[in-house]
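Spelled out, the chains give:
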Amino acid sequence: MPEDYPDQFDNVVDFIQATIKRLRRSPDKQTPIFSKRERSRQNAAVNTENSSRKGRRGQKGKNRGCVLAEIHLNVTDLDLGYETKEELIFRYCSGSCDAAETTYDKILKNLTRKKKLVNDKVRQACCRPTAYDDDLSFLDDKLVYHILKKHSAKRCGCV
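Residues numbered from 1 in each chain as written. Predicted model: local features only at pLDDT ≥ 70, side-chain atom pairs only at ≥ 80, totals over all residues. Heavy atoms only, no water.

## Digging into the overall build of the protein chain
- A tally of helices and strands in the protein chain yields three helices and six strands.
- Relative to its full complement of 159 residues, the protein chain shows a buried share of 21%.
- When contacts within the protein chain are restricted to residue pairs at least 6 apart in sequence, long-range pairs at least 24 apart make up 60% of them.
- Carbon and sulfur atoms form 51% of the exposed surface of the protein chain, whose accessible area is close to 12700 Å². (Helix = DSSP H or I, 4+ residues; strand = E, 2+ residues; numbered from the N terminus. Buried < 20%, exposed > 50% of the residue type's maximum accessible area, 1.4 Å probe, protein only. Contact = heavy atoms within 4.5 Å. Areas by Shrake-Rupley, 256 points an atom, 1.4 Å probe, with all protein chains shown as cover.)

## What about the pattern of salt bridges?
- Overall, the coordinates contain three salt bridges when judged by the stated rule.
- A salt bridge links Arg91 to Asp133; the nearest nitrogen and oxygen atoms lie 3.2 Å apart. Taken together, the residues Arg91 in strand 2 (residues 87–94) and Asp133 in the loop between strand 3 (127–132) and strand 4 (136–139) connect sequence positions 42 residues apart.
- Relative accessible area serves as the criterion here: at 25%, Arg91 is assigned to the partly exposed category.
- For Lys149, the salt bridge is made with Asp135, and the minimal N-O distance between the two is 3.2 Å. Here Asp135 lies in the loop between strand 3 and strand 4 and Lys149 lies in the loop between strand 5 (145–148) and strand 6 (153–158), a separation of 14 residues in the sequence.
- Judged by its relative accessible area of 60%, Lys149 falls in the exposed class.
- Among the residues examined, Asp135 registers a relative accessible area of 37% and is labelled partly exposed.
- Connected through salt bridges with shared partners, the residues Glu70, Arg91 and Asp133 form a single ionic network. (Salt bridge = Lys/Arg side-chain N within 4 Å of Asp/Glu carboxyl O.)

## Observations regarding the nonpolar core
- Judged by nonpolar contacts, Cys66, Leu68, Cys93, Cys97, Ala100, Ala125, Cys127, Ala153, Cys156 and Cys158 together constitute the single largest core of 10 residues.
- Element by element, the count of residues in this core is highest for strand 6, at three residues.
- Core analysis: the next-biggest nonpolar cluster, separate from the first, contains seven residues, Leu73, Val75, Tyr82 and Leu136 among them. (Core = buried A, V, L, I, M, F, W, Y, C linked by side-chain atoms within 4.5 Å.)

## Quick notes on the side chain of Ser152
- As for its position among the elements, Ser152 is in the loop between strand 5 and strand 6.
- A polar atom in the side chain of Ser152 sits 2.7 Å from the backbone nitrogen of Arg91.
- Sequence-distant contacts of Ser152, that is, excluding residues within four places in its chain, are made with Ile89, Phe90, Arg91, Tyr132 and Asp133. (Polar contact = N/O pair within 3.5 Å; in protein donor to acceptor, adjacent residues only side chain to side chain.)

## Some details on the state of the cysteines
- For the coordinates displayed, the defined rule picks out three disulfides.
- Between the sulfur atoms of Cys93 and its disulfide partner Cys156 the distance amounts to 2.0 Å. Its S-S torsion of approximately -90° makes the covalent link between Cys93 and Cys156 left-handed. With Cys93 in strand 2 and Cys156 in strand 6, this residue pair connects regions lying 63 residues apart in the sequence. (Disulfide = S-S within 2.5 Å.)

## Considering the packing of aromatic side chains
- Applying the stated criterion across every chain yields a total of two aromatic pairs.
- Aromatic side chains Tyr82 and Phe138 sit 5.1 Å apart centroid to centroid with 80° between the ring planes, which places their arrangement in the edge-to-face category. A residue pair is termed long-range when its members are at least 10 positions apart, and Tyr82 in the loop between strand 1 (67–74) and strand 2 and Phe138 in strand 4 qualify at 56 residues.
- A relative accessible area of 0% means that Phe138 is categorised as buried.
- With centroids separated by 6.0 Å and ring planes inclined at 15°, the aromatic side chains of Phe90 and Tyr92 adopt a geometry described as stacked.
- Judged by its relative accessible area of 33%, Tyr92 is partly exposed. (Phe/Tyr/Trp six-rings, centres within 6.5 Å; stacked < 30°, edge-to-face > 60°.)

This is the structure in structure tokens:
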């Protein structure tokens, strides 16, 4: 067991650094639980604020149905095989991207419908993460350290 100690020490240091980083980002107050209607209203307000940022010209209304939503969960609820009492706020993308259809998308649909593109599968735009939250670090019930990468959406868009 003593020969395993240096490797474990590196993992513990990484875990502590990641936990401190996460605590610095987290708000001082505990996140209140809002109704689904209130969360939708808040997400809509956040998305309208984000849409006015520089570099988003010409996209007005394209991602209107694609929004960032969140839910408070235990890591175990993610069903990835981890047994732990650690909790997280899982953010995900939800909504429709019908308004994001371009002329290119319309042409592909028409060519597929007319059997000009027989073997190719043409997919419509879907609401997906365009950026992810920082990595999530946690200890499971057996005191094993884990890191989840790209586990929660930070921003959403039609892709």
